[in-house]
Amino acid sequence: MLSSPRTTHSGATATGAAGPGRRTPVAVTASDPLSREGAVSQLRRHPEIELREETGPDTVALLIEDTLDEAALTRLRRTVRSEGARAVLVVGTIRENELLDVIECGVGAIVWRREATPYRLVQAVLAAARGDGDLPSDLLGRLISQVGTLHRGAAGRPGTPSLGLTSREVDVLRLVAEGLDTGEIASKLSYSERTVKNVMHGLTTRLHLRNRAHAVAYALREGYL
């Protein structure tokens, strides 16, 4: 991985989180100037995106890494937990033992560098801004496999806690795991979109989970999915 200092790029200032008629504030962070400028150039073409200098609670942080080492994971944790930003990770490779760490850091959207087209980046950024998960299908399969292994290893151990998920929460999380967005989940379950959002908010708040991907990982780990 290149060792040059971390840098960000900014455009005009925006106020508030993204919503109808608003632009989504995004701060791009990369380990090298070429990667940063490439992502900025792609995002600048889209009127729904507003580039910012700093990350914050109303900002989507787009982090670009070749591989993940401890320093990169520390940057992810700081961005999400300390600065309160929603995070999109653009990465070249993720090892099996890093995937759950990334999800539990609070990263809800992951894009492979080889697939980081302008459309794909914007799709991931908007999903993160909504609080939705956005994982490549191959990573979702690896996450399910990894968490299933952890669950089997925990089976039968005394004192293993249970999430105590309701049937409604399990129904919603199952569709989240299948990659459906809020509107699609509402349609499938004959709920309103507000109901789906309330279910997810109640679940993540009660269990101190960071986003939908984190909620799916925990439901898988506890054997609900």
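Just above, that's the structure.
This report concerns the structure included in the present document. Computed from a predicted model, the values in this text were never measured in an experiment.

### Considering the layout of surface pockets
Taking a probe equal in size to a water molecule and rolling it over the atoms shows the remaining empty space. Considered as a void within the structure, the second largest pocket measures approximately 350 Å³ in volume. If you go around the second largest pocket, you meet 21 residues; those closest to its centre are G133, D134, L135, V176 and G179. Of all the secondary-structure elements, those providing two or more residues to the lining of the second largest pocket are α4 (118-130), α5 (137-154), α6 (167-177) and α9 (212-221). Along the lines of polarity and charge, the residues of the lining of the second largest pocket split into 10 nonpolar, four polar and seven charged.

### Some remarks on the environment of I110
Looking at the secondary structure, you find I110 in strand β6 (residues 107-112). According to the relative accessible area criterion, I110 is buried, its value standing at 0%. Taking the C-alpha atoms as reference points, I110 and L62, 48 residues apart in sequence, are found 9.7 Å from one another. Apart from residues lying up to four places away in sequence, I110 is in contact with L89, V91, I94, L99, V102, I103, R120, D134, L135, P136 and L139.

### Examining helix α8 (residues 193-206)
Compared with an ideal rise of 1.5 Å per residue, which puts 14 residues at 20 Å, α8 spans 20 Å between its outermost C-alpha atoms and is within 8% of the ideal. On its buried side, α8 packs onto α6, α7 (182-189) and α9. Residue H208 follows α8 closely and has a positive phi angle near 60°.

### Some words on the side chain of E65
Mapped onto the fold, E65 is located in strand β4 (residues 60-65). Among the polar contacts listed, one links the side chain of E65 to the side chain of R75, at a separation of 3.3 Å.

### With respect to helix α3 (residues 96-105)
Counting buried residues along α3, seven of its 10 residues qualify, which places the element largely inside the surrounding structure. Listed in full, the buried residues belonging to α3 are E98, L99, L100, V102, I103, E104 and C105. Looking one or two residues past α3, G106 carries a phi angle of roughly 110°, positive in sign.

### Remarks on the pairing of strand β2 (residues 24-30)
In terms of residue burial, β2 counts as a mostly covered element, since seven of its seven residues are buried. Residues T24, V26, V28 and A30 of β2 are buried on one face, and the alternating residues P25, A27 and T29, pointing to the opposite face, are buried as well. Taken together, β2, helix α1 (residues 33-44) and strand β3 (residues 49-51) constitute a β-α-β crossover, and its handedness is right-handed.

### Let's talk about the nonpolar core
Residues L68, L76, L89, I94, V102 and I110 are the most contacted members of the largest nonpolar core, which totals 26 residues. The element that contributes the greatest number of residues to this core is α3, accounting for five residues. Of all hydrophobic cores here, the second largest spans 21 residues; its members include V40, I49, L51 and V122.

### Quick notes on the packing of α6 against α9
The geometry of α6 relative to α9 is characterised by a closest axis approach of 10 Å and an angle of 110° between their N-to-C directions. Comparing the axis directions of α6 and α9 gives the class roughly perpendicular. Seen along the crossing, α6 lies across α9 with a hand that is left-handed. Contact with α6, carried on its side by L173, V176 and A177, involves R212, A215, V216 and A219 of α9 and no other residues of that element. For the contact of α6 with α9, the per-class residue count stands at six nonpolar, no polar and one charged.

### Some thoughts on the pattern of salt bridges
Counted according to the given criterion, the structure contains nine salt bridges. Residues D134 and R120 are paired through a salt bridge, measuring 2.9 Å at the closest nitrogen-oxygen approach. With D134 in the loop between α4 and α5 and R120 in helix α4, the pair connects residues that are 14 residues apart, well separated along the chain. The class for R120 is buried, based on a relative accessible area of 13%. Residue E169 is joined to R206 by a salt bridge in which the shortest nitrogen-to-oxygen separation is 2.8 Å. Linking E169 in helix α6 with R206 in helix α8, this pair joins segments that are 37 residues apart in sequence.

Calculation notes
Residues numbered from 1 in each chain as written. Predicted model: local features only at pLDDT ≥ 70, side-chain atom pairs only at ≥ 80, totals over all residues. Heavy atoms only, no water. 1 Å grid on protein atoms, 1.4 Å probe; cavity = no way out; pocket = protein on both sides within 12 Å on 5 of 7 lines; lining within 4 Å. Points joined across faces, edges and corners; volume = space filled by probe spheres on them. Helix = DSSP H or I, 4+ residues; strand = E, 2+ residues; numbered from the N terminus. Nonpolar A, V, L, I, M, F, W, Y, C, P; charged D, E, K, R; others polar. Buried < 20%, exposed > 50% of the residue type's maximum accessible area, 1.4 Å probe, protein only. Contact = heavy atoms within 4.5 Å. Expected span 1.5 Å × (residues − 1). Polar contact = N/O pair within 3.5 Å; in protein donor to acceptor, adjacent residues only side chain to side chain. Right-handed = clockwise from strand over helix to strand, strands pointing away. Core = buried A, V, L, I, M, F, W, Y, C linked by side-chain atoms within 4.5 Å. Axes fitted to C-alpha atoms, helices over the stretch in contact; angles between N-to-C directions. Parallel < 35°, antiparallel > 145°, perpendicular 65-115°, else oblique. Left-handed = near helix turned anticlockwise from the far one by under 90°. Salt bridge = Lys/Arg side-chain N within 4 Å of Asp/Glu carboxyl O.

In short, the description is geometric, and any link to function would need to be established separately.
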